[in-house]
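# Chains, contacts and geometry: an overview
In case you want the letters, here they are:
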Amino acid sequence: MPNKVQVPRISDAVASTLERRILEGSLKPGDRLPPERELAAEFGVSRPSLREAIQKLASKGMVQSRQGGGTYVTAALESSFFDPWQDMMGSYPNLREDMLEFRRMIEGQAAEWAAERATEADLQRLNLAYEKLEATFLNDDTERRSEADIAFHQAVGDASHNVLIGHLSAALLRLMHDNIRLNLGELKSVPAAGRLLMSQHTAIHSAIVERKPQAARAAAETHIDFVRETLAQTLRSVARRETAERRLQSDFTTS
């Protein structure tokens with residue numbers, strides 16, 4: 001008897017397509033899936049088949065329904081890496097240095113591949129992220145600047161067209177978010193520091209747009225080197241302030 005051709009179930013095909021969009025970053029953690037009607041029309045399937053596909057993703061922990069309606073993409077691909085390290089970062093400050101060293105390797109490679117592989121759509125996303133980042137340097141909103149900084153580096157990671165780099169970059173940037181914000185806050189008091197940071201992002205952006213892989217890698221590594229040194233200085237500065245405040249409090253207590 002001839003072998004039977006295995007025809008994939010409609011729900012499996014839809015689940016696979018949605019899963020691929022999550023892997024590639026077209027659907028990101030926190031994104032809400034379009035309404036059932038729209039998705040069913042887009043895929044040309046019945047709504048029961050679509051619901052079955054979404055249930056398959058939910059069983060993997062990749063999407064979840066929220067109270068009040070809607071199905072959202074979870075951070076399952078990143079949280080298994082993110083969660084244990086997040087707790088330890090506060091207890092073991094030396095881990096920050098290791099994280100930055102790892103980030104230097106990842107982001108250098110991401111920038112190099114982005115310069116080689118970025119599509120026109122990738123460059124449009126990168127340009128938008130760069131313009132938003134540039135705009136935040138005109139005001140003093142550290143939180144917005146931190147978010148724009150992360151979005152820019154994530155756009156570079158996505159443009160590398162390596163799924164693991166894209167998701168590892170996202171996890172690392174989430175881990176480093178508080179440190180990025182701390183850095184930016186401390187740098188307000190350092191003359192020309194903001195201009196230096198922006199020029200570093202400009203160098204990364206320009207090298208990718210101009211298709212210069214080695215220049216893109218070098219610019220990304222130079223940026224992380226600057227961040228590493230700045231973070232070290234920031235932590236020393238914070239430690240000195242805390243020590244001075246404790247001494248002052250002690251003087252008041254004993255006087």
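Right, let's walk through the structure included here. Here the structure is a predicted model, which is why all the values come from computation and not from measurement.

What follows is about the side chain of S169. Secondary-structure assignment places S169 in helix α8 (residues 163-175). At 2.8 Å, the side chain of S169 forms a polar contact with the backbone oxygen of I165. Ignoring anything within four residues of it in the chain, the contact list for S169 reads I106, Q154 and G157.

Time to look at the side chain of Q109. Tracing the backbone shows Q109 in helix α5 (residues 94-117). A distance of 2.8 Å separates the side chain of Q109 from the side chain of R217, its partner in a polar contact.

Another aspect to go through is the packing of helix α6 (residues 120-136) against helix α7 (residues 142-159). Viewed as axis vectors pointing N to C, α6 and α7 meet at an angle of 160°, and their least axial separation amounts to 9 Å. It follows from the interaxial angle that α6 and α7 lie roughly antiparallel. With respect to the hand of their crossing, α6 and α7 are arranged in left-handed fashion. Along its contact with α6, which presents D122, R125, L126, A129, Y130, K132, L133 and T136, the element α7 presents R144, R145, A148, D149, A151, F152, A155, V156, D158 and A159.

Where α7 contacts helix α10 (residues 193-209), the axes come no closer than 12 Å and their chain directions differ by 25°. One element, α7, and the other, α10, form an angle in the roughly parallel class. Note on packing geometry: the crossing formed by α7 with α10 is left-handed. For the pair α7 and α10, the contacting residues are D149, F152, H153 and V156 in the first and H201, I204, H205 and I208 in the second. The residue makeup of the contact of α7 with α10, split by class, is 4 nonpolar, 3 polar and 1 charged.

According to the stated counting rule, one finds 15 salt bridges in the structure shown. Across the pair R9 and E52 runs a salt bridge whose closest N-O atoms are separated by 2.5 Å. Highlighted residues: R9 in the segment before α1 (10-24) and E52 in helix α3 (residues 47-59), separated in sequence by 43 residues. Its relative accessible area of 29% is what places E52 among the partly exposed residues. One salt-bridge network, held together by shared partners, links R104, E112, R217, E221, D225 and R228.

Before going further, it helps to spend a moment on the nonpolar core. One finds F152, V156, I204 and I208 to be the most contacted residues of the largest nonpolar core, which totals 34 residues. Going through the elements one at a time, α5, α6, α7, α8, α10 and α11 (213-254) are the ones with two or more residues in this core. Considering every element that reaches this core, the biggest residue donor is α5, with 7 residues. Not counting chain neighbours up to four residues away, the residues in contact with F152 comprise L126, A129, Y130, L133, H201, I204 and H205. Formed by 16 residues, the second largest nonpolar core is a distinct cluster that contains A40, L50, I54 and L57.

Our next topic: unusual backbone geometry. For H161, which is not glycine, the phi torsion reads 55° and is therefore positive. You can see H161 is positioned in the loop between α7 and α8. On the accessibility criterion, H161 (46% relative accessible area) is partly exposed. Phi at R211 is positive, roughly 60°, even though this residue is not glycine. Among the structural elements, R211 can be located in the loop between α10 and α11.

What follows deals with the packing of aromatic side chains. Tallied over the full model, the rule gives 1 aromatic pair. Considering the side-chain rings of Y130 and F152, the 6.3 Å spacing of their centres and the 55° angle between planes classify their relative orientation as tilted. Of this pair, Y130 sits in helix α6 while F152 sits in helix α7; the two residues are 22 residues apart in sequence, bridging distant segments of the chain. Note that R117 overlies the ring of W113, its terminal NZ or CZ placed 4.3 Å from the centroid. Lying across the ring of F137, R145 places its NZ or CZ 4.3 Å from the centre.

About the thresholds
- Along every chain, residues carry numbers that run from 1 in the direction the sequence is written.
- Only residues with pLDDT of at least 70 get local features here, since the model is predicted, and only at 80 or more are side-chain atom pairs given and counted; chain-wide, interface and lining totals rely on the full set of residues.
- The side-chain figures draw on all heavy atoms in the structure; neither hydrogens nor water molecules are used.
- Only DSSP runs of H or I with at least four residues qualify as helices, and only runs of E with at least two residues qualify as strands; both kinds are numbered from the N terminus onward.
- Counted as a polar contact is a pair of N or O atoms within 3.5 Å, where, for protein atoms, one must be capable of donating a hydrogen and the other of accepting one, and residues adjacent in sequence contribute only when both atoms are in side chains.
- Residue contacts follow a heavy-atom distance rule, with two residues in contact if any of their heavy atoms lie within 4.5 Å.
- Whenever a helix is involved, its axis is fitted only over the stretch in contact; in every case the axis is a line through C-alpha atoms, and angles between N-to-C directions fall within 0 to 180 degrees.
- These descriptions rest on fixed angle ranges, namely under 35 degrees for roughly parallel, over 145 for roughly antiparallel, 65 to 115 for roughly perpendicular, and the rest for oblique.
- Helix crossings get a hand from a simple test, with the near helix turned counterclockwise from the far one by less than a right angle marking a left-handed crossing and a clockwise turn marking a right-handed one.
- Just so you know the grouping, Ala, Val, Leu, Ile, Met, Phe, Trp, Tyr, Cys and Pro go in nonpolar, Asp, Glu, Lys and Arg go in charged, and all remaining residues, Gly too, go in polar.
- For salt bridges, the criterion is a side-chain nitrogen of Lys or Arg within 4 Å of an Asp or Glu carboxyl oxygen.
- Remark: exposure states derive from per-residue accessible area (1.4 Å probe, protein chains only) relative to the maximum for the residue type, with buried under 20%, exposed over 50%, and partly exposed in between.
- The definition of a nonpolar core used throughout is a set of buried Ala, Val, Leu, Ile, Met, Phe, Trp, Tyr and Cys residues joined through side-chain atoms within 4.5 Å.
- In this scheme Phe, Tyr and Trp rings, the latter by its six-membered ring, pair at centre separations within 6.5 Å, and the angle between planes marks the pair as stacked below 30 degrees, edge-to-face above 60, and tilted otherwise.
- Note on criteria: charge over ring means Lys NZ or Arg CZ within 6 Å of the ring centre, with the direction from the centre no more than 35 degrees off the ring normal.

By themselves, these figures tell us nothing about what the structure is for.
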